[in-house]
Amino acid sequence: MKRLVACVVVLACAALTAPVGAQKVPNPVIVVDTAKGVIEIELLPKQAPKGVAKILGLVEKNFYRGLRVHRVTQNLAQFGDPLTRNLRNEGAWGTGGSGERLGVAEITPLMKHVRGAVGLAFSGEAKFADSQLYIMKTAMPGLDGDYSIIGRVVNGITVADRLQHGDVIKNITLKDTDRKSTRLNSSHMSESRMPSSA
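Notes on the overall build of the protein
- A count of helical and extended segments in the protein gives three helices and nine strands.
- Reading the helices (α) and strands (β) of the protein from amino to carboxyl end gives α-β-β-α-β-β-β-β-β-α-β-β.
- In the protein, which comprises 198 residues, the share counted as buried stands at 44%.

And the structure:
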């Protein structure tokens, strides 16, 4: 009993003396509102700080509002090309972006292409990633080490399963700390590389 009391006292003292800023800050969550339903994606700034900052900046500008899903395979669904707003130019879908490439390849061996992983598509090299995101519907370990994974689906993976080519992304917003979706503000590569085996 004395040990239990001593342990509780030590834990209480540690909690009281912990630095104020030491509390864990939750990762940002974006809400992808699609024609098929809502997908919530937890972003991982510790693993991909520049990629997460890039996507959050685009979300803040309402960049994704009205875009369409331009690539769907049995393994993934991909979106984020502003050229998909033009239905008459479907042949060019998958080649557009915000015009500002990421500039770094944030690839870590800790991040795996499992079901629900969210990564940045690119053309040529990973550092050329821009605005296009893909959601893994199945695991594809063959992609590990080649693409930057910036997040994971925490709610709505079955919505991603149902996405089809041409489905509208109504908007993407940032979920606030009260677990509500916060509406943010509007607007903007070469063909985005995804493996041919996908």
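Quick notes on helix 2 (residues 49-60)
- Taking 1.5 Å of rise per residue, the twelve residues of helix 2 would be expected to cover 16 Å, and the 16 Å separating its terminal C-alpha atoms lies within 8% of that figure.
- Of all the positions in helix 2, only Gly51, Val52, Lys54, Ile55, Leu58 and Val59 are classed as buried. One side of helix 2 holds all its buried residues, which, seen down the axis, span an arc of 160°.
- In this structure, the buried side of helix 2 is in contact with strand 1 (29-34), strand 2 (37-43), strand 5 (117-120), strand 6 (133-136), strand 7 (149-155) and strand 8 (168-175).
- One or two positions beyond helix 2, positive phi appears at Asn62, with a value near 60°.

Re the confidence of the model for the protein
- A residue-level look at the protein finds 77% of positions with pLDDT of 70 or above and a mean pLDDT of 82.
- Ranking the elements of the protein by mean pLDDT puts helix 1 (residues 2-17) last, at 42, and helix 3 (residues 157-162) first, at 98.
- Of the regions scoring below 50 in pLDDT, residues 3-20 engages in zero contacts with residues more than four places distant in sequence or in other chains.
- Here residues 179-198 is modelled with pLDDT under 50, and outside its nearest four sequence neighbours on either side it reaches 76 contacts, counting other chains as well.

Notes on unusual backbone geometry
- A positive phi angle, near 60°, is found at Asn62, a position not held by glycine.
- Looking at the element boundaries, Asn62 is found in the loop between helix 2 and strand 3 (67-72).
- Residue class for Asn62 comes out buried when judged on its relative accessible area of 4%.

Examining the packing of aromatic side chains
- What the rule picks out here adds up to four aromatic pairs.
- Residues Tyr64 and Phe79 carry aromatic rings whose centres are separated by 6.5 Å and whose planes lie at 80° to one another, so their mutual orientation is edge-to-face. Of this pair, Tyr64 sits in the loop between helix 2 and strand 3 while Phe79 sits in strand 4 (residues 76-79); the two residues are 15 residues apart in sequence, bridging distant segments of the chain. You'll find Tyr64 and Phe79 in the same group, each marked buried.

Definitions and limits used
Residues numbered from 1 in each chain as written. Predicted model: local features only at pLDDT ≥ 70, side-chain atom pairs only at ≥ 80, totals over all residues. Heavy atoms only, no water. Helix = DSSP H or I, 4+ residues; strand = E, 2+ residues; numbered from the N terminus. Buried < 20%, exposed > 50% of the residue type's maximum accessible area, 1.4 Å probe, protein only. Expected span 1.5 Å × (residues − 1). Arc of directions from axis to C-beta. Contact = heavy atoms within 4.5 Å. pLDDT = per-residue confidence, 0-100. Phe/Tyr/Trp six-rings, centres within 6.5 Å; stacked < 30°, edge-to-face > 60°.

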